[in-house]
Amino acid sequence: KVSYPIDSKTFVDLGHGFFKDKNHVWTQGQLLERNIDPNTFEVVESSWKSFTKDKNHVWYGGEIMKNVNPNDCTVETINSCLEEGWQEPDRSDTIE
C-alpha cells in the first residue's frame, strides 16, 4: 500500500520493479526519497544488465556509482560506465 498520493496522469511502470510519477519514485512498494529526480529517473537495460539513473546519479545494484556522469551512461556504454564507476560503494545513498 502506498501512503503518498500518486499522480495517475504521470504514473509510469518503468520495469524491473520501479515506478514513478512526476513527484516520486518507488521500488518494491517503497518510496525512494534520496537524491532522486523523478522527472529524469529511468531504468537503462541491455540484454544482460540494467542500471538506473537520473540527471545527477547512476545506480547499479542499488548503489550510487561515484565518478560516473549520467549523461555518458547509455545501453551502448553500460560496461565502461560500470567499470569506471565501480569503487567501494557509499552505502548512505543505497536504493533498496
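This text follows the structure it describes.
Just so you know, the residues in each chain are numbered from 1, in the order the chain's sequence is written. Totals for whole chains, interfaces and linings use every residue, but because this is a predicted model, local features are given only for residues with pLDDT of at least 70 and side-chain atom pairs only at 80 or more, for both listing and counting. Remark: hydrogens and water are excluded; side-chain values derive from all non-hydrogen atoms of the structure.

### Quick notes on the pattern of salt bridges
A carboxyl oxygen of Asp or Glu within 4 Å of a side-chain nitrogen of Lys or Arg is what we treat as a salt bridge. Tallied over the entire structure, the rule returns 1 salt bridge. Between Lys22 and Asp7 there is a salt bridge, with its nearest N and O atoms 3.6 Å apart. With Lys22 in the loop between strand S2 (18-20) and strand S3 (25-27) and Asp7 in the segment before strand S1 (12-15), the pair connects residues that are 15 residues apart, well separated along the chain. Throughout, exposure labels follow a simple rule: accessible area from a 1.4 Å probe, protein chains only, divided by the maximum for the residue type, with under 20% read as buried, over 50% as exposed, and the rest as partly exposed. Take Lys22: its relative accessible area is 43%, and that puts it in the partly exposed class. For the purposes of this entry, the term helix denotes a DSSP run of H or I that reaches at least four residues, the term strand denotes a run of E that reaches at least two, and both are numbered from the N terminus.

### A look at the sheet that holds strand S7 (residues 58-60)
Two strands in a sheet stick together by hydrogen bonds in their backbones, pointing the same way (parallel) or opposite ways (antiparallel). Two strands make a pair as long as DSSP finds a minimum of two bridges between them. Strand order in the open sheet made by the 4 strands is S5-S6-S7-S8, with antiparallel pairing throughout. Looking at which strands have only one partner, the edges of the open sheet turn out to be strand S5 (42-45) and strand S8 (63-64). Taken together, the 4 bridges between S5 and strand S6 (residues 50-53) define a ladder with antiparallel strand orientation. Each bridged residue has a counterpart across the sheet, and for Val44 the counterpart in S6 is Phe51.

Don't take any of this as a statement about function, it's just geometry.
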